[in-house]
Amino acid sequence: MKQKINLTINDQLIHRTKKFTRKQGISVSQFIENLLYKAIDEKEESFTDKWQGKLKSAIKDENDPRFKKLKERYL
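Residues numbered from 1 in each chain as written. Predicted model: local features only at pLDDT ≥ 70, side-chain atom pairs only at ≥ 80, totals over all residues. Heavy atoms only, no water.

Looking at this structure, how should I read the pattern of salt bridges?
Between side chains of opposite charge, a pair can form when the charged atoms approach closely. Overall, the coordinates contain two salt bridges when judged by the stated rule. Among the salt bridges present, the one from Lys-2 reaches Glu-33, with a minimum N-O distance of 2.9 Å. A residue pair is termed long-range when its members are at least 10 positions apart, and Lys-2 in the segment before helix H1 (11–24) and Glu-33 in helix H2 (residues 28–43) qualify at 31 residues. Owing to a relative accessible area of 24%, Glu-33 belongs among the partly exposed residues under this scheme. Arg-66 is the partner of Asp-64 in a salt bridge, and the nearest nitrogen-oxygen pair spans 2.9 Å. With a relative accessible area of 15%, Asp-64 lands in the buried category. (Salt bridge = Lys/Arg side-chain N within 4 Å of Asp/Glu carboxyl O. Helix = DSSP H or I, 4+ residues; strand = E, 2+ residues; numbered from the N terminus. Buried < 20%, exposed > 50% of the residue type's maximum accessible area, 1.4 Å probe, protein only.)

How should the layout of surface pockets be read in this particular structure?
Think of a ball as big as a water molecule: rolled over the atoms, this probe shows where empty space is left. Here the largest pocket is characterised by a volume of approximately 600 Å³. Along its surface, the largest pocket is lined by 21 residues, and Ile-5, Leu-7, Ser-29, Ile-32 and Glu-33 are the ones closest to its centre. At the level of elements, H1 and H2 are the ones that each hand at least two residues to the lining of the largest pocket. No other element matches H2, which puts nine residues into the lining of the largest pocket. Size it by volume and the second largest pocket reaches roughly 490 Å³. What lines the second largest pocket is a set of 14 residues, and nearest its centre among them are Gly-53, Leu-55, Leu-70, Tyr-74 and Leu-75. Those elements that provide at least two residues to the lining of the second largest pocket are helix H3 (47–51) and helix H4 (65–74). Here the lining of the second largest pocket takes four residues from H4, the largest share from any one element. Its residues assigned to classes, the lining of the second largest pocket comprises seven nonpolar, four polar and three charged. (1 Å grid on protein atoms, 1.4 Å probe; cavity = no way out; pocket = protein on both sides within 12 Å on 5 of 7 lines; lining within 4 Å. Points joined across faces, edges and corners; volume = space filled by probe spheres on them. Nonpolar A, V, L, I, M, F, W, Y, C, P; charged D, E, K, R; others polar.)

Teacher, can you tell me more about the environment of Val-28 here?
Structurally, Val-28 can be placed in helix H2. The spatial distance from the C-alpha of Val-28 to the C-alpha of Lys-69 is 48 Å, given a sequence separation of 41 residues. Setting aside residues up to four positions removed in sequence, Val-28 forms contacts with Thr-17, Lys-18 and Thr-21. (Contact = heavy atoms within 4.5 Å.)

Would you mind showing me how to read a nonpolar patch on the surface here?
The grouping of Ile-5, Leu-7, Ile-9, Leu-13 and Ile-14 at the surface amounts to a nonpolar patch, some 450 Å² of accessible area in total. Within the secondary structure, Ile-5 is located in the segment before H1. The exposure class assigned to Ile-5 is exposed, which follows from its relative accessible area of 63%. (Patch = residues over 30% accessible without salt bridge, like charges linked within 9 Å, V, L, I, M, F, W, Y side chains within 5 Å. Areas by Shrake-Rupley, 256 points an atom, 1.4 Å probe, with all protein chains shown as cover.)

What follows is the structure, given as structure tokens:
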């Protein structure tokens, strides 16, 4: 579901934004929506990014094939 919102933006920026979006072949609404998605997605850490290097393996032997496989995959 989409909803309308009101934004207060500098007149010059509005003019430049409309010109830019016209050249891109998208609406100002779609442009703003894309920027918001991108900003939010960049801020949300993935599970791997959040925990990488913080969990210790219960496998102590580095020659263990399970350890080698995990190391290849995550390091």
